[in-house]
2 protein chains.
Amino acid sequence: MPRPSVREQLVEAAMECFHERGFNGTGIQDIARTAGVPKGSVYNHFENKEALAGEVMDRYAASRRLEMLGDESLPPVSRLRAHFEYLAADLERFSYGRGCMFGNFGAELANQTDTMRGKVDARLSAWTDAVTQVLEEARAAGALTSALPPGQLGQFLVDGWEGAVLRAKVTRSRAPLDGFFDVFDSLVV
Amino acid sequence: MPRPSVREQLVEAAMECFHERGFNGTGIQDIARTAGVPKGSVYNHFENKEALAGEVMDRYAASRRLEMLGDESLPPVSRLRAHFEYLAADLERFSYGRGCMFGNFGAELANQTDTMRGKVDARLSAWTDAVTQVLEEARAAGALTSALPPGQLGQFLVDGWEGAVLRAKVTRSRAPLDGFFDVFDSLVV
């Protein structure tokens, strides 16, 4: 029975490697070295690099804290804004260089592996649904400026966020995220 | 002196490979095979894979037809919409699976090579400037709904487009682009 801590070290190491060099730019050897374990032991825990990437996606998704979007102690619009501000703060920790793992894997792999494409699609959809739910609450409370249906607005906020995060990664600055918040305020608040 | 046609074949082949498998997923051997030339001849034309990627970026950028944005025979808003519709039609040819090369290289490489990061940044900036210019014309003509400054709106349209293209790639559908056009219409028309 493999020790859980090695598995944990591998997932953490893979997360770091995939963020830094992408999926195809990362070898199993890189992950093993980063985790400080022998290369062979990776295969005691994961069938292949893609299986490890799937686990990393799950871990990353959990760290997006979608549960913030259901916290009814905050009014819907403040709650939604706080969610994106939380994501922005997470990006700032790495000087905006890492981007979003959903976007990174989507851009790199959607055309290469249907499994990863499906995983990214499912994560972005679940996120869009959660954002849409908050927008529906905001609309019911009369707190939405835009006349667009919440579902459409929710999709555009998530896609717009992904585009802004990509630009933040490319410019290494927060400015594109500030631009997102300005448009957010004009559509939502 | 290398024959220009081989160079041309290599750029075309590299464009296809990078779109299909990304930068790190593509080897010089893949490009040579796709072009139908011996691997060694790649180095007669390009110093390395990154030099080839730079050339592919230039070629891709030219195919974005930014000059459409300066065509004053169309009113500014129709011109801007036609530009994005042109890009959407280009994506449709590949069932939305390829995405945008700026976004793909940005997501995959911005954290790995500062040269490629700079190239993607420059291309997205030039594009944003051209879009902003049209929005300024639209504002002067009283044809902008949104009260946001054209520069901010221009950046958000480009970033929102990139996010929508990523989602189209991940869902293999036009729906996210339609969502972009709906928001475009609510902000711009």
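Conventions adopted
Residues numbered from 1 in each chain as written. Chains lettered and ligands numbered in written order. Predicted model: local features only at pLDDT ≥ 70, side-chain atom pairs only at ≥ 80, totals over all residues. Heavy atoms only, no water. Contact = heavy atoms within 4.5 Å. Buried area = accessible area lost by both parts, 1.4 Å probe. Salt bridge = Lys/Arg side-chain N within 4 Å of Asp/Glu carboxyl O. Least-squares fit on C-alpha atoms with pLDDT ≥ 70 in both. Helix = DSSP H or I, 4+ residues; strand = E, 2+ residues; numbered from the N terminus. Buried < 20%, exposed > 50% of the residue type's maximum accessible area, 1.4 Å probe, protein only. Core = buried A, V, L, I, M, F, W, Y, C linked by side-chain atoms within 4.5 Å. Axes fitted to C-alpha atoms, helices over the stretch in contact; angles between N-to-C directions. Parallel < 35°, antiparallel > 145°, perpendicular 65-115°, else oblique. Left-handed = near helix turned anticlockwise from the far one by under 90°. Nonpolar A, V, L, I, M, F, W, Y, C, P; charged D, E, K, R; others polar. Phe/Tyr/Trp six-rings, centres within 6.5 Å; stacked < 30°, edge-to-face > 60°. Lys NZ or Arg CZ within 6 Å of the ring centre and 35° of its normal.

Under an unreviewed UniProt entry, the name given to chain A is TetR family transcriptional regulator C-terminal domain-containing protein, and the source organism is Streptomyces griseicoloratus.

### Focus on the interface of chain B and chain A
With 46 residues of chain B in contact, the opposing surface of chain A contributes 46 residues. Interface area, chain B with chain A, both sides summed: about 3800 Å², of which 59% is carbon and sulfur. The largest share of the area that chain B buries against chain A comes from Asn-111, Phe-156 and Arg-167 of chain B, three residues that together contribute 20% of it. Counting across the chain B and chain A interface gives 2 salt bridges. Here Arg-167 of chain B makes a salt bridge to Asp-159 of chain A, at a shortest N to O gap of 2.8 Å.

### Observations regarding the relation of the copies chain B and chain A
You can overlay chain B on chain A at an RMSD of 0.0 Å; the transform is a turn of 180 degrees with a shift of 0.0 Å along its axis. In short, the pair behaves as if placed about a two-fold rotation axis.

### What to know about the pattern of salt bridges
Evaluated as defined, the whole model comprises 30 salt bridges over all chains. For Arg-33 of chain A, the salt bridge goes to Asp-30 of chain A, with nearest N and O atoms at 3.5 Å. One end of the pair is Arg-33 of chain A and the other is Asp-30 of chain A, both in helix H2 (residues 28–35) and 3 residues apart, which spans about a single turn. By relative accessible area, Asp-30 of chain A is classed as buried at 17%. Notably, a salt bridge pairs Arg-123 of chain B with Asp-58 of chain B, separated by 2.7 Å at the nearest N-O pair.

### Focus on the nonpolar core
Ranked by internal contacts, the top residues of the largest apolar core, which has 128 residues, are Phe-84 and Trp-161 of chain A together with Phe-84 and Trp-161 of chain B. For Trp-161 of chain B, the residues in contact, after removing those within four places along its chain, are Phe-84, Leu-87, Ala-88, Leu-91, Trp-127, Leu-177, Phe-180 and Phe-181 of chain B.

### Details of unusual backbone geometry
All names here are of chain A. For Arg-65, which is not glycine, the phi torsion reads 50 degrees and is therefore positive. We classify Arg-65 as partly exposed; its relative accessible area is 40%. Positive phi values are uncommon outside glycine, yet Ser-95 reaches one of about 50 degrees. Its place among the elements puts Ser-95 in the loop between helix H5 (76–92) and helix H6 (101–109). Ser-95 gets classed as partly exposed once you look at its relative accessible area, which sits at 41%.

### Thoughts on the packing of helix H5 (residues 76–92) of chain B against helix H8 (residues 150–171) of chain B
Residues and elements named next belong to chain B. One can describe the packing of H5 onto H8 by two numbers: an axis separation of 12 Å at closest approach and a directional angle of 20 degrees. Judged on the interaxial angle alone, H8 and H5 are roughly parallel. The handedness of the crossing between H5 and H8 comes out as right-handed. When H5 is examined against H8, the residues Leu-80, Phe-84, Leu-87, Ala-88 and Leu-91 are found in contact with a partner set consisting of Leu-157, Trp-161 and Val-165. Taken together, the residues that form the contact of H5 with H8 break down as 8 nonpolar, no polar and no charged.

### Side note on the packing of aromatic side chains
For the coordinates displayed, the defined rule picks out 29 aromatic pairs over all chains. Of note, Lys-49 of chain A hangs over the ring of Phe-23 of chain A, and the distance from its end group to the ring centre comes to 4.3 Å.

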